[in-house]
Amino acid sequence: MPSLTVPQTPRYVPALPTKEKLQYADLAIVDLSKAATAEGRAELAVELREALTSHGFCYIINHGYTQAQNERMFDIADIPMSGVPEDEKRAYTGDSKKTGIFQGYKPRQYWHIDAGVRDQHEHYNCNRHVYSLMHPQALRPFLPDIDAFVRHNHHDILHKICRLMALSLELSEDTFVKLHDFDAPGVSYLRFMKYFPRSEEEEVQTKNVWMKGHTDFGSITLLWSQPVAALQIQTKEGWRWVKHIENALLMNIGDSMEFLTGGFYKATIHRVVQPPIDQRGYTRLSMIYFSFLNDDVKLVPLMDSPVLQRVGVKRKCEDDVAPTMKAWRVARISAYGASDLQKGTEPGIEEEVLNGIVVKHYN
């Protein structure tokens, strides 16, 4: 008998995990349940520091959501893609190139990928203040689930990671928590994202790359693990696949955290490519919480950190001309997939200049 209080969702059935033997990145696994005590946080801060200075990516487990809750959220994540008519989608489509904000739908073929080929993935972006804007009719019964999920990501996962990062830099525990104030002006948001299979011609033209190598431009990204292998990160050994771990999430840092740490923590370059052969023909559904610093935070190194004082910093620009989080976010979002990239000095790298800072794209 259907629940009288919890609306039922259509079931999204993903592909089975790949059986192909891929070269996976050796990423650390951070057990967030240890963050409940001061001793545990001190231990995790060391683990996180090692993970972020080696790969810039790590897994987070024991984050507070059960496998059942995880599966329900993935079911909900597919509703904006599969349960909303195309004409209604158009009414909720954003224009990030003009606004510098991701809100509502990003339709397929919105961005140029390479060689005249446009993207084949669809987003539905939801501001962290879930009830502040209208949503498609099919999604409205599930707004309580989405609101609870967003708040869990922000308060129970992101803020715990913020405390660990502060400790790793020998700063006050609440340093980064204050810079990620849920109610301050800013645009941290949840993204439901679905990749669709491409034609063989498109794969050849783009060399099987679905999204070019790039860094995230916010502070901390939380990507909920799903079974379709396609994400790769750039390591010292070259591109490496990221392995799926059931009910885990992946955490990585973006440009703004690299600014604040003076390059001590670097935004890791990552890309999305065609899945292995036993997963081709399937869609790839993702849930991502993109966190951003408060809009007014100036992106300069936090020189109160004894760690940064000892190791030194590498500034991307002089402090007096450094952008705020809002200025950097607007520049990056407005330009993505729209600006003409120039060939860089390094092989396989294209560049653009935003706010006087060189942004690299790895093709």
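Residues numbered from 1 in each chain as written. Predicted model: local features only at pLDDT ≥ 70, side-chain atom pairs only at ≥ 80, totals over all residues. Heavy atoms only, no water.

1. So, empty space enclosed by the protein
By the definition in use, this model includes seven cavities of 30 Å³ or more. The space that makes up the largest cavity amounts to roughly 390 Å³. Taken together, 26 residues form the lining of the largest cavity, with Arg 191, Met 211, His 214, Asp 216 and Phe 290 sitting closest to its centre. In this structure, the second largest cavity spans a volume of roughly 110 Å³. As for the second largest cavity, its lining consists of 14 residues, and the residues nearest its centre are Gln 226, Leu 231, Val 242, Leu 250 and Arg 284. By residue class, the composition of the lining of the second largest cavity is eight nonpolar, four polar and two charged. (1 Å grid on protein atoms, 1.4 Å probe; cavity = no way out; pocket = protein on both sides within 12 Å on 5 of 7 lines; lining within 4 Å. Points joined across faces, edges and corners; volume = space filled by probe spheres on them. Nonpolar A, V, L, I, M, F, W, Y, C, P; charged D, E, K, R; others polar.)

2. Digging into the pattern of salt bridges
Scanning all chains against the criterion turns up 18 salt bridges. For Lys 106, the salt bridge identified is with Asp 119, shortest N-O distance 2.7 Å. With Lys 106 in strand β3 (residues 104-106) and Asp 119 in the loop between β5 (117-118) and β6 (121-127), this residue pair connects regions lying 13 residues apart in the sequence. On the basis of relative accessible area, Lys 106 is assigned to the buried category, the value being 3%. The network of salt bridges with shared partners includes Arg 11, Glu 71 and Asp 75. (Salt bridge = Lys/Arg side-chain N within 4 Å of Asp/Glu carboxyl O. Helix = DSSP H or I, 4+ residues; strand = E, 2+ residues; numbered from the N terminus. Buried < 20%, exposed > 50% of the residue type's maximum accessible area, 1.4 Å probe, protein only.)

3. Considerations on the pairing of strand β9 (residues 220-224)
A large share of β9 lies buried, amounting to five of its five residues. The alternating pattern of β9 places Ile 220, Leu 222 and Trp 224 on one face and Thr 221 and Leu 223 on the opposite face, and all of these are buried. With five bridges joining them, β9 and strand β12 (residues 249-253) adopt antiparallel strand pairing. Along β12, the bridge assignment pairs Leu 222 with Met 251. Where β9 and strand β14 (residues 284-291) come together, four bridges link them in antiparallel fashion. Bridging across to β14, Ile 220 finds its partner in Ser 291. (Pairing = 2+ DSSP bridges.)

4. Remarks on the pairing of strand β13 (residues 270-273)
Burial along β13 is two-sided: the residues His 270 and Val 272 and Arg 271 and Val 273 are all buried. With three bridges connecting them, strand β8 (residues 209-214) and β13 associate as antiparallel partners. Of the residues in β13, the one forming a bridge with His 214 is His 270. Sheet topology places strand β10 (residues 231-235) next to β13; three bridges connect them, and they run antiparallel. The residue of β13 that forms the bridge with Gln 232 is Arg 271.

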